Amino acid sequence: MCNILNPIIPLYFLILLTTFEAKAQFSQNYYFHHLTHKEGLSQGWNWYFLNDSRGEMWVSSPNGLNRFDGVSVQTYTPDERLPGSLKGLNISGQFVEQANGDIWFGVEDMICRYVRLQDTFEHIPIILSGNNKIHSNCRVIGQDTYQKVWFLLEDGQFGFPICTFDPSTRLFQIECYISYNTNRCSIKYDEHGRVQYIFAFQWPSPGASLIKFTYQESKTNTTNTRLSDDKNCIQGRITDAIFMEDSLLYIAAETGLIKYSLSTGLAKNILRHKKLNCLANDAKGKLWLGTSDGNLLFFNTEQNLQIYKFDPNESGSLKKDPINHIYFDKSGNLWIAYRNEGVSWTNPAKSKFQVWYPPEIKNNTFISLTTDKSGNIWGAAGNSIYKIEKEFKINLKNSIHIPGRKIKKIMTDPIGRIWMHNDTSAQVWDTHSPNARIAAKRKEVYTEFIDFTILHHQDIIATTYAGAIEINEPIRNRFKTTQVDTSSVYASVYEDSAGTIYLCRGIRGICVLQKKAGAYVQIHPPLLLRGDINAWSEDKTSVWIACTNGLVCLNKNTFDAHLFNQKDDLPGLSITNIIADGDIGLWLSTNEKIAYFNKKTHAVTTFSIADGVPGSGIIPNVACKTSSGEILFGANRGLFEINTNNLLLFNGNPAVLMKKILVNDLPDSTLRCSENRCANPREIKNIKLPYSKSTLSFSFVAIEYSDPLNNRLEYRLIGLDTNWVKVDNPGFARFTNLPPGHYDLEIKAYNSEGRAGEKIYSLHIMITPPFWMTWWFYCLVAIFILLSALGFYQYRISQINKLQQIRQQITADLHDEIGPVLTGIRMFSDALRLRLGQEDKETKFILERIGANAHKTLSSFRDIIWAVNLKYDSLGDLSDRMREIVNDANESTDIHCNLSCRLHNPSLNINPRLRHNIFLIFKEVLHNSVKYSGASEIKIYLESNEKYLTLDFQENGCGFDMANIQPGNGLFNLEKRANELKGDFYFKSSPGNGVILKLSVRHS
């Protein structure tokens, strides 16, 4: 049924393993983030993971449930005081997530559901045949295409069954039996999403079963194959298993990694290892193995095996603890669960650097690097110089040990020799010779060597505490030293392509020299530069200087300098290394970070320990570029490499997660999504709050686990402001006293390398106004105002009508009472005057005046009654009254008065005050014209249109100037009345000019 290779380890396998362990090639450097109980985990023993559809990580443990967002942990443990809390502590099975976001898992004797919308838990007791409640551990193992949850029961009474639970019907069903104690399962699905294989075993023990499911119409058949020691299929205890590809099962066992073929039943041990504890496969199908001694193995069947171990010198290394479980999330992050040390994770795709820790240098560190014309790399560590060949192996045969103090710097000259210096001497080594020769020695203690450079003509300039010296070789094997300058302490020296020498004078500046007629002369005043110089680089126009104050760009023609520092996004103040990358870029280093600087755009891309930069420190002035284009930097105990051809920015897609919403700075249990009444802040998409709850605070995070603390966020509240506000991760925003209205909170997430997430988080907020600011209240107020105005209008009209009735009654009473009295006075005075004789002229005159005054008073009284009578408010009534006056004038004088009326709308009612003033003006002018003008004819025109009323007097035969009539004649009121009417007024007449008055007023 099943075969396996001979368990005796072949000789080539031993050799291969030895190579894996001892080969000192560059390997990818991963930085592991750590999460322990100190950061909030319920305990250090952890098992399974789930990366849910919202991006959060769920971590199970024997002591509760943990949810992690990259910044903080939320722990769920049983609490009987809280409804909907977790029941049961030991969560040792896997998680499955449904389409609506709910998560199923098993605890002790129940299957549990995390209800996402409410952030609560539902617990369903497991009831099988006979309505008997199960009291044993429930381990969820998967979910099929029908949304059924598959789980294993550690219950011997039922034969250790594998069961399913249908969330829609809430029914349990036994699918098959294992028949022996089992506590672990791996599951495989067919192309339709149905369960095809289940590999069940007891951890850690030798026994295992392979169960195959076949589907025929409505019937499911199972085949249980026991893989036992007797058949030599699998030897030793089994710790984990995983299905891969179409027909392969990989098993981690006591003897190593076993590949089992589902189609042939053949097993093959492909890796001998006694401490394998778990395994997982990444998106590319490569295997990752965890061991009981805390090592992580990357097993690439096409290439080699890489081993990652605990390193006490690296904070980003693995923990020294057994690895329980390995998991890859949807973004390719690798998660590791330990036995006691919590959780670690990294993203292999983010790691951009490879490290090399050669065992030959032991505890020393490369202090200087150089390359020769053959492409070999030479490194100085301690008192030795090592040749590093192209495949990154140290050739001990071509290495040399220099007695005395440690080497500080090495360089290769054009003929292949290696120059070096320590504190006491400068030496040269011909790599074909077993010894190095001393080129210069210090004469006094204060002449200690600090730096040197090889000039284009192979001479050497070295800097010391006593000045700068030149070392040349006039005769082979003999050297000559010449003092260049003794005026200062020089710390660094560099020669550019034009032969210009730059001598760094301590931290006070740079001297610029050129050699002329065999001597070095200063060609420019000293350049002010603060800080120690660590490294130099050059392009066509500039010399670039890495110093403790930043990056300096020095123009080689003008010697103008520009300083770039942290304000220009450099990763630190002190730049320790600088390597040119073509004509465009520079690779820079600080003590802990690497940066790429674009010389044209001045853009900076920074890489930190999360990108694989060794966290133990970058060595100053230890960097070189290989002949094939790789760039090497020195780190504690080794080197790390940048392959510029394959260096890509990490494309992790960050997302925004809302963690907490505070209302008026306090948690609000009534806060709900207005659509589905959701109470979970992570799921709320829109909220509706009254105006009294208008101060809102939001806490949110950017989820992207490769370097979560360096993620960034931006937010804005549309409806209040459209500008984006930048915040660190985690983010916080607070808005106070929001006016009633609609708002949209938008948040964007950026990963540590500045890439924005594909989706923008949006939360719609509605602040409802108070009732007095609602549209219906405005309508009620408007209706109330309209009804009040209408009521007041009706009341006012009724009052006016009452007053008019009273006025009409009074005028009628006056007309009836006073009119006859005045008429009687006139009649009695006329009768008395007729009885008197001619001799009593004075009495007769008095009686005549009494009658005239009574007549005038009666006429004025009639005019007043006419003016206040509402019956005569139209233009037609005005013209009729004026015509009566004209007729009376024609009867009492020889002057012919003619009134012509052309009225647009005779029935139009006009203001009584306007009507009265026009009538009085007309009457006054007519009276004086008849009395004083001496005209033969007076023509009067009364005209109206839609807006204006015009009164026009014209005389024929006027013999005097009407303007000369004195005020005592009664004309002084004309202009006053005309001004009151606010009309166009003209009143003037001279002999021969017939225009007396023209008045135009607005009647509408």
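Residues numbered from 1 in each chain as written. Predicted model: local features only at pLDDT ≥ 70, side-chain atom pairs only at ≥ 80, totals over all residues. Heavy atoms only, no water.

A. Summary view of the overall build of the protein. A count of helices and strands for the protein gives six helices and 70 strands. Pairs at least 24 apart in sequence give 51% of the contacts found in the protein among residues at least 6 apart. Of the roughly 48,400 Å² of accessible surface on the protein, a fraction of 51% belongs to carbon and sulfur atoms. (Helix = DSSP H or I, 4+ residues; strand = E, 2+ residues; numbered from the N terminus. Contact = heavy atoms within 4.5 Å. Areas by Shrake-Rupley, 256 points an atom, 1.4 Å probe, with all protein chains shown as cover.)

B. Focus on helix H4 (residues 875-892). Under the 1.5 Å per step criterion, the end-to-end length of H4 is 26 Å for 18 residues, consistent within 8% with the ideal 26 Å. Among the residues making up H4, those that are buried are Leu875, Gly876, Asp877, Leu878, Ser879, Arg881, Met882, Ile885, Val886 and Ala889. (Expected span 1.5 Å × (residues − 1). Buried < 20%, exposed > 50% of the residue type's maximum accessible area, 1.4 Å probe, protein only.)

C. Layout of the packing of aromatic side chains. Per the counting criterion, the structure on display carries 48 aromatic pairs. Taken together, a centroid distance of 5.5 Å and an interplanar angle of 85° make the contact between phenylalanine 771 and phenylalanine 777 edge-to-face. Judged by its relative accessible area of 47%, phenylalanine 771 falls in the partly exposed class. Relative accessible area serves as the criterion here: at 25%, phenylalanine 777 is assigned to the partly exposed category. (Phe/Tyr/Trp six-rings, centres within 6.5 Å; stacked < 30°, edge-to-face > 60°.)

D. Up close: the packing of H4 against helix H5 (residues 912-933). At a minimum axis distance of 11 Å, the contact between H4 and H5 shows a crossing angle of 15°. Classified by the angle between their axes, H4 and H5 sit roughly parallel to one another. Every pair of crossing elements has a handedness; the one defined by H4 and H5 is right-handed. Touching Leu878, Arg881, Met882, Ile885, Val886 and Ala889 of H4 are Arg915, Ile918, Phe919, Phe922, Leu926 and Val930, all from H5. Taken together, the residues of the contact of H4 with H5 sort by class into 10 nonpolar, no polar and two charged. (Axes fitted to C-alpha atoms, helices over the stretch in contact; angles between N-to-C directions. Parallel < 35°, antiparallel > 145°, perpendicular 65-115°, else oblique. Left-handed = near helix turned anticlockwise from the far one by under 90°. Nonpolar A, V, L, I, M, F, W, Y, C, P; charged D, E, K, R; others polar.)

E. View of the pairing of strand S9 (residues 110-115). In terms of burial, S9 is a largely internal element, six of the six residues being buried. Both faces of S9 are covered, namely the face carrying Met110, Cys112 and Tyr114 and the face carrying Ile111, Arg113 and Val115. Bridge count between strand S8 (residues 103-107) and S9: five bridges; the pairing is antiparallel. From the neighbouring strand, glycine 106 faces S9, where its bridge partner is isoleucine 111. (Pairing = 2+ DSSP bridges.)

F. Highlighting the pattern of salt bridges. Going through the model one piece at a time under the given rule, you end up with 40 salt bridges. Close ionic contact of aspartate 69 with lysine 659 constitutes a salt bridge, the shortest N to O distance being 3.1 Å. Of this pair, aspartate 69 sits in the loop between strand S5 (64-68) and strand S6 (73-76) while lysine 659 sits in strand S58 (residues 655-663), placing them 590 residues apart in sequence. By relative accessible area, which is 2% here, aspartate 69 ends up buried. Under the relative-accessibility criterion, lysine 659 is labelled partly exposed at 24%. One salt bridge connects glutamate 122 with arginine 113, and the closest N-O pair in it is separated by 2.8 Å. Residue class for arginine 113 comes out buried when judged on its relative accessible area of 17%. Members of the salt-bridge network, linked through shared partners, are Asp52, Arg54, Glu97, Arg116 and Glu683. (Salt bridge = Lys/Arg side-chain N within 4 Å of Asp/Glu carboxyl O.)

G. View of the sheet that holds strand S52 (residues 585-589). If you walk across this open sheet you meet the four strands as S51-S52-S53-S54, and the pairing is antiparallel. In the strand order of this sheet, the two ends are held by strand S51 (577-581) and strand S54 (604-607), each with one partner. Averaged over all pairs of adjacent strands, the angle between strand axes in this sheet comes to 20°, irrespective of strand direction. Bridge count for strand S53 (residues 594-598) against S54 is four bridges, and the pairing is antiparallel. If you follow isoleucine 594 over to S54, its bridge partner there is phenylalanine 607.

Nothing here speaks to function; it is geometry throughout.
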